[in-house]
Amino acid sequence: MQISEKDLANDSSQHLESPTPARAWVATEDVHALEDQHDLAITQEDIDFIREFEASPRKKKLMRKMDIHIVPVLLFIYLISFIDRGNIGNAKIQGLTTDLHLTGQQYNWCLTVFFFIYVACEVPSNLVIKFIRPSIWIPIIMVLWGTVMTLQGIVRNYHGLLATRALLGLTEAGFFPAAMFIISNWCLRHEVGTRVAYLYGTAAAAGAFSGILAFGIAKLNKKAGLSGWQWIFIVEGMFTVVCGFIAPFFVPDSIEQSRWLDVDEKRYLARRIHLNRAGKDKGPFKWLYVRQAFGDYKTWMFGFAFFSQGVATYGLSFSLPSIIKALGYTAAQAQLLTIPPYALAALTTIGLAMVSDKSRKRYIFIVGPWMFAAVGLIICLAVPQPKMPGVVLFGVFLLAPGLYSAVPALVGWCGNSAGGEWKRGLVLGAFIAMGSAGGLPGSNIFLVKKAPRYPEGYGTCLGMLIAGFIDITILYFILRRENARRDAMDEGEIRQKYTQEELDEMGDESPLFRYEL
């Protein structure tokens with residue numbers, strides 16, 4: 001049987017609404033369309049099996065089972081990762097810069113060097129994970145970055161801190177691409193957004209946990225001759241190492257290698273992924289896929305939007321404790337006051353992403369949160385500081401949820417707009433790298449000498465969000481027009497002009513592919 005590209009790619013269309021009570025991802029009309037085609041990989045027996053499985057209670061139970069085995073472990077590791085890269089902001093107000101005699105510029109360079117290395121290594125990591133099992137790769141890099149984090153607690157000068165931050169960027173770079181690889185190999189395209197939301201919700205939660213942990217660990221100040229900031233790095237680093245040694249028993253690999261699935265569950269999950277893929281380029285790597293990925297304007301437009309987001313997000317995450325402390329609070333109070341905005345951001349990120357996935361809408365769930373973040377930034381810019389600390393904190397309350405909540409829809413939209421596994425992997429790798437590159441300027445915009453008003457910091461964040469809004473709005477109208485153009489084309493004429501292999505190789509450039517909006 002040949003599988004229609006439209007059936008594979010158009011999972012966000014009305015055809016995916018199943019007429020069965022189970023709301024199956026393959027509707028009856030889709031199955032009939034499949035039955036009229038010829039693809040040796042999908043048999044009539046497979047179609048009947050999928051249809052029967054979709055209509056049974058086993059599907060809902062399997063989806064729960066899958067999420068229980070995959071999502072929590074990735075969330076936990078990402079939580080650790082974000083805490084370890086961002087705890088330098090908590091360490092700063094516990095005496096890091098004083099003990100190491102750092103100038104404001106030197107501290108900012110220690111933030112920046114992490115991103116230079118991190119960004120450079122993300123794309124190669126996205127390819128490495130295709131050759132090394134996740135249950136091996138992820139634990140290795142966890143042990144490595146945990147060791148680096150522990151050693152960061154015993155540095156004695158600027159150069160030592162700079163070196164450990166660079167090594168941290170090198171060792172942490174491989175995790176997020178690996179997590180995205182796992183999620184994309186287990187979930188359908190329209191299901192990815194919610195799982196990514198969980199990751200970014202965890203990133204927001206990391207800010208809250210980091211404040212709690214720093215508040216508690218800092219009480220070890222002067223124990224064993226070490227300062228509070230040193231204990232923050234040492235305790236959190238050693239915990240990561242321990243988790244790295246345990247991780248191989250929990251990190252999931254492929255569907256086929258999972259012992260907690262029975263034969264029918266493996267068959268169902270594998271077949272639904274196969275049917276959902278647009279562009280079946282699962283064969284050997286071809287340079288064609290590189291040209292498709294990096295020659296596509298959408299890669300760079302999505303990437304710029306994520307870069308704009310990254311500037312503001314990383315600027316906030318590294319500077320929030322200092323921003324709050326500059327309002328007149330003590331270090332301990334500042335650590336605790338970072339918790340509420342990040343906790344709210346975690347809840348809104350997950351909640352909005354679930355609605356985005358259910359509605360299959362992306363654009364509105366990006367620009368909507370950005371508008372709230374923009375209001376928060378305007379408040380922080382306009383209010384005289386530190387005279388009205390409560391009003392500034394309210395602005396921060398809007399800023400954190402607004403920034404984090406937009407990310408899942410943006411990541412899901414980018415990934416679902418790239419057809420084919422190789423191209424999708426390259427596009428997501430470049431996209432994530434550009435988002436991480438936002439940390440380069442983001443870590444240098446909140447300057448110590450500009451406290452407590454930070455006009456350059458807030459102003460840069462606002463400017464980047466406006467630029468990102470313009471960019472993503474233009475892309476929205478381009479893709480909407482392209483969908484309309486393809487809708488007007490006759491599928492029969494397309495199939496007469498192209499073979500199925502040619503359509504598969506075209507990926508999202510296929511006239512049968514439809515973009516999410």
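About the thresholds
Residues numbered from 1 in each chain as written. Predicted model: local features only at pLDDT ≥ 70, side-chain atom pairs only at ≥ 80, totals over all residues. Heavy atoms only, no water. Helix = DSSP H or I, 4+ residues; strand = E, 2+ residues; numbered from the N terminus. Buried < 20%, exposed > 50% of the residue type's maximum accessible area, 1.4 Å probe, protein only. Areas by Shrake-Rupley, 256 points an atom, 1.4 Å probe, with all protein chains shown as cover. Salt bridge = Lys/Arg side-chain N within 4 Å of Asp/Glu carboxyl O. Expected span 1.5 Å × (residues − 1). Polar contact = N/O pair within 3.5 Å; in protein donor to acceptor, adjacent residues only side chain to side chain. Phe/Tyr/Trp six-rings, centres within 6.5 Å; stacked < 30°, edge-to-face > 60°. pLDDT = per-residue confidence, 0-100. Contact = heavy atoms within 4.5 Å. Axes fitted to C-alpha atoms, helices over the stretch in contact; angles between N-to-C directions. Parallel < 35°, antiparallel > 145°, perpendicular 65-115°, else oblique. Left-handed = near helix turned anticlockwise from the far one by under 90°. Nonpolar A, V, L, I, M, F, W, Y, C, P; charged D, E, K, R; others polar. Disulfide = S-S within 2.5 Å. Patch = residues over 30% accessible without salt bridge, like charges linked within 9 Å, V, L, I, M, F, W, Y side chains within 5 Å.

Draft legend 1. Looking closely at the overall build of the protein. Looking only at helices and strands, the protein features 22 helices and 0 strands. Classification of the 517 residues of the protein by burial places 61% in the buried group. As displayed, the protein offers around 20,400 Å² of accessible surface, 67% of which is attributable to carbon and sulfur atoms.

Draft legend 2. Fine view of the pattern of salt bridges. Inspection of the entire model under this criterion finds 17 salt bridges. Of the charged contacts in the structure, one is a salt bridge between Lys 298 and Glu 509, with a shortest N-O distance of 3.5 Å. Taken as a pair, Lys 298 in helix α13 (residues 297-325) and Glu 509 in the segment after α22 (500-506) lie far apart in primary sequence, 211 residues in all. The class of Lys 298 is buried, set by a relative accessible area of 3%. Salt bridges linked by common partners bring Asp 296, Lys 298, Asp 508 and Glu 509 together as one network.

Draft legend 3. Representation of helix α7 (residues 158-172) in the model. Taking 1.5 Å of rise per residue, the 15 residues of α7 would be expected to cover 21 Å, and the 21 Å separating its terminal C-alpha atoms lies within 8% of that figure. Taken together, the buried positions of α7 are Tyr 158, Gly 160, Leu 161, Thr 164, Arg 165, Ala 166, Leu 168, Gly 169, Thr 171 and Glu 172. Measuring from the backbone nitrogen of His 159 back to the side-chain oxygen at the start of α7 gives 3.3 Å, which picks out Asn 157 as the cap.

Draft legend 4. Spotlight on the packing of aromatic side chains. As enumerated under the stated definition, the model contains 26 aromatic pairs in all. An angle of 85° between the planes, with centres 5.4 Å apart, marks the rings of Phe 446 and Tyr 458 as edge-to-face. Here Phe 446 is found in the loop between α19 (439-442) and α20 (455-487), whereas its partner Tyr 458 is found in helix α20, with 12 residues between them in sequence. Among the residues examined, Phe 446 registers a relative accessible area of 7% and is labelled buried.

Draft legend 5. Highlighting unusual backbone geometry. In this model, Ala 451 is joined to Pro 452 through a cis peptide bond whose omega is 0°. Mapped onto the fold, Pro 452 is located in the loop between α19 and α20. A positive phi is found at Arg 360, a non-glycine position, where the angle reads about 60°. Structurally, Arg 360 can be placed in the loop between α15 (339-359) and α16 (364-382). Non-glycine residue Tyr 454 carries a positive phi angle of around 45°. For Tyr 454, the position within the fold is in the loop between α19 and α20.

Draft legend 6. Broad picture of the confidence of the model for the protein. Per-residue confidence for the protein averages 84 on the pLDDT scale, and 89% of its residues sit at or above 70. Between the elements of the protein, mean pLDDT differs from a low of 36, seen in helix α1 (residues 5-9), to a high of 97, seen in helix α10 (residues 228-246). Note that pLDDT drops below 50 for residues 1-40; the model gives that stretch 108 contacts with residues more than four away or on any other chain.

Draft legend 7. The side chain of Glu 172, seen in detail. With respect to the secondary-structure elements, Glu 172 resides in helix α7. Under the relative-accessibility criterion, Glu 172 is labelled buried at 0%. Beyond its immediate chain neighbours, meaning those up to four positions away, Glu 172 contacts Ser 81, Asp 84, Arg 85, Phe 114, Tyr 118 and Trp 145.

Draft legend 8. Examining the environment of Ala 433 more closely. Checked against the element boundaries, Ala 433 lands in helix α18 (residues 421-437). Once the C-alpha coordinates of Ala 433 and Phe 115 are considered, the two residues, 318 residues apart in sequence, prove to be 9.4 Å apart. Discounting residues that sit within four places of it in the chain, Ala 433 has contacts with Val 119, Glu 122 and Val 123.

Draft legend 9. Quick peek at the environment of Asn 185. By secondary structure assignment, the location of Asn 185 is in helix α8 (residues 175-186). Each C-alpha atom, one on Asn 185 and one on Ile 255, is 8.0 Å from the other, the two residues being 70 residues apart in sequence.

Draft legend 10. Region of the structure containing the environment of Met 506. Mapping Met 506 onto the fold places it in helix α22. Excluding its chain neighbours within four sequence positions, the residues that come into contact with Met 506 are Gln 292, Tyr 498 and Pro 511.

Draft legend 11. Up close: the packing of α16 against α20. Running from amino to carboxyl end, α16 crosses α20 at an angle of 155°, the nearest separation of the two axes being 10 Å. Of the possible angle classes, the one that applies to α16 and α20 is roughly antiparallel. Handedness of the crossing formed by α16 with α20: left-handed. Counting all contacts with α16, which are made through Ile 366, Val 367, Trp 370, Met 371, Ala 373, Ala 374, Leu 377, Ile 378, Cys 380 and Leu 381, the residues of α20 involved are Pro 455, Tyr 458, Gly 459, Cys 461, Leu 462, Leu 465, Gly 468, Phe 469 and Ile 472. Its residues placed into classes, the contact of α16 with α20 shows 17 nonpolar, 2 polar and no charged.

Draft legend 12. A look at the packing of α13 against α20. Where α13 contacts α20, the two axes come as close as 9 Å, and the packing angle between them is 155°. Compared by their axis directions, α13 and α20 come out roughly antiparallel. Note on packing geometry: the crossing formed by α13 with α20 is left-handed. Facing Tyr 297, Lys 298, Met 301, Phe 302, Phe 304, Ala 305, Phe 307, Ser 308, Val 311, Ala 312 and Ile 323 of α13, the residues of α20 in contact are Tyr 458, Thr 460, Cys 461, Met 464, Ala 467, Gly 468, Asp 471, Ile 472, Ile 474, Leu 475, Ile 478 and Leu 479. Of the residues that constitute the contact of α13 with α20, the class distribution is 18 nonpolar, 3 polar and 2 charged.

Draft legend 13. Spotlight on the state of the cysteines. The final tally for this structure, using the stated rule, is 0 disulfides. For the unlinked cysteine Cys 380, the closest cysteine sulfur is that of Cys 461, found at 9.6 Å.

Draft legend 14. A nonpolar patch on the surface, seen in detail. Among the surface-exposed residues, Phe 131, Ile 132, Ile 136, Ile 140 and Leu 144 lie close enough to one another that they form a single nonpolar patch of about 470 Å² accessible area. Relative to the assigned elements, Ile 140 resides in helix α6 (residues 134-152). The class of Ile 140 is partly exposed, set by a relative accessible area of 44%.

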